Amino acid sequence: MRYSDEAFEFMMQTLQERREKAQNGSEKRRAYVYEKLPEVKKLENSLKDSYLNLYQIIASHKSNAAEAARKVADDNLAAQQKIKQLVKALTNDENYLEPHFFCKKCKDTGKADGKRCECAEELLKEYMVRSLNESSSISVQDFSRFSLEYYPQGEIRDRMASYLRYFKDYCANFPDGCNSLLFIGKTGLGKTLISCCMAKEIASRGFSVLLVSAPDILRKIEDEHFGRSEGSTLDSVIAADIAIIDDLGSEFTSPFYDSALYNIINGRINLHRPTIISTNMSSEKLNERYNERIVSRLLNDFIPVLFVGSDIRQQRSVKRYGKK
Ligand SMILES: [Zn+2]
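Every value quoted in this text rests on a predicted model; they were computed, and no experiment measured them.

**Observations regarding the domain arrangement of the protein chain**
So, point 1. Taken domain by domain, the protein chain holds domain 1 (5-115) and domain 2 (137-321).
So, point 2. The C-alpha-based centres of domain 1 and domain 2 are spaced at 50 Å.

Below, the structure is given as structure tokens:
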């Protein structure tokens with residue numbers, strides 16, 4: 001994926017903050033140990049001196065330099081062991097003084113085995129997805145905003161209640177056992193609200209969540225494709241841990257949109273990343289509107305979730321204005 005300069009800046013900045021945090025934590029723990037065990041302080045200071053010593057011995061090129069250097073190295077090893085023993089006796093953790101890096105693999109440098117570490121890749125991806133969300137016309141919501149009272153009592157409300165449990169489990173277990181979902185149902189039945197709640201819940205667990213409307217994201221991909229703007233939106237959509245795409249079918253019909261849509265759906269399926277798509281169209285309408293490749297992906301690789309009831313938004317506004 002092609003990342004923006006801002007994404008790299010965000011990555012460098014975050015890595016630096018992580019290193020500082022690890023360092024500060026280690027310094028705090030060291031101060032505590034020094035206070036409890038002044039001997040550790042002495043040993044660490046003597047270690048520092050001995051490195052200086054070692055350097056001078058090597059630089060002196062005296063005939064016995066090699067032997068002297070070996071002795072210093074042995075003494076250092078012994079001092080390090082002694083420090084570990086003392087620290088362990090105090091804290092039950094022999095590595096208590098070591099910095100606790102966010103990423104143990106690269107020690108928060110962003111580089112491991114001569115290439116960019118996975119943690120740095122994650123940060124770049126996080127930035128790209130977040131900046132797409134910032135330009136999105138829909139935003140995350142809390143599950144507490146979702147109320148079953150707008151659904152008629154009986155079968156419909158029961159069905160929505162069981163969906164709600166399913167969606168909450170989906171978010172809590174994400175990505176384990178999470179299939180792609182296709183929300184089908186008329187306008188105002190809570191598809192978008194549920195999508196926004198799920199986005200918040202999954203994002204709060206540290207996953208990268210893309211929450212966009214189909215027309216917005218397709219237009220963006222088109223603008224970039226034809227050089228009207230810069231970016232790598234298509235890659236970002238595919239890279240997100242979960243992509244939640246609202247209002248499929250409200251975009252203009254165009255062969256470019258169809259191919260972009262197929263690339264999104266197919267690209268994510270190939271990478272086993274779940275996608276949630278909501279649409280006001282019935283499966284018959286989807287069949288008429290989209291080409292066979294897209295329809296077959298939507299109907300075979302997504303679990304359909306049928307939303308029923310009557311328009312929640314109308315009911316809400318009736319309630320708000322007190323006309324009942
Ligand atoms: Zn790393």
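There's more to say after this.
**Overview of the nonpolar core**
So, point 1. Counting 59 residues, the largest nonpolar core has M198, V209, L210 and I244 as the members making the most contacts within it.
So, point 2. Considering each element in turn, this core owes the most residues, eight residues, to helix α4 (residues 118-134).
So, point 3. Per-domain counts for this core show at least three residues from each of domain 1 (5-115) and domain 2 (137-321).
So, point 4. Excluding anything up to four places from it in sequence, I244 contacts S195, M198, A199, V209, L210, L211 and I276.

**Re the confidence of the model for the protein chain**
So, point 1. With 96% of its residues at a pLDDT of at least 70, the protein chain reaches an overall mean of 90.
So, point 2. Here helix α12 (residues 312-321) stands out as the least confident element of the protein chain, with mean pLDDT 58; strand β6 (residues 275-279) is the most confident, with 97.

**Some remarks on the environment of E9**
So, point 1. Locating E9 in the fold gives a position in helix α1 (residues 5-36).
So, point 2. Of the residues examined, E9 has 11 C-beta atoms within 10 Å and is grouped as exposed.
So, point 3. Considering only alpha carbons, one finds E9 and L97, 88 residues apart in sequence, at a separation of 30 Å.

Reading the values: the criteria
Residues numbered from 1 in each chain as written. Predicted model: local features only at pLDDT ≥ 70, side-chain atom pairs only at ≥ 80, totals over all residues. Domains from an automatic or database assignment. Core = buried A, V, L, I, M, F, W, Y, C linked by C-beta atoms within 7 Å. Buried ≥ 20, exposed ≤ 12 C-beta atoms within 10 Å, placed from the backbone. Helix = DSSP H or I, 4+ residues; strand = E, 2+ residues; numbered from the N terminus. Contact = placed C-beta atoms within 7 Å. pLDDT = per-residue confidence, 0-100.

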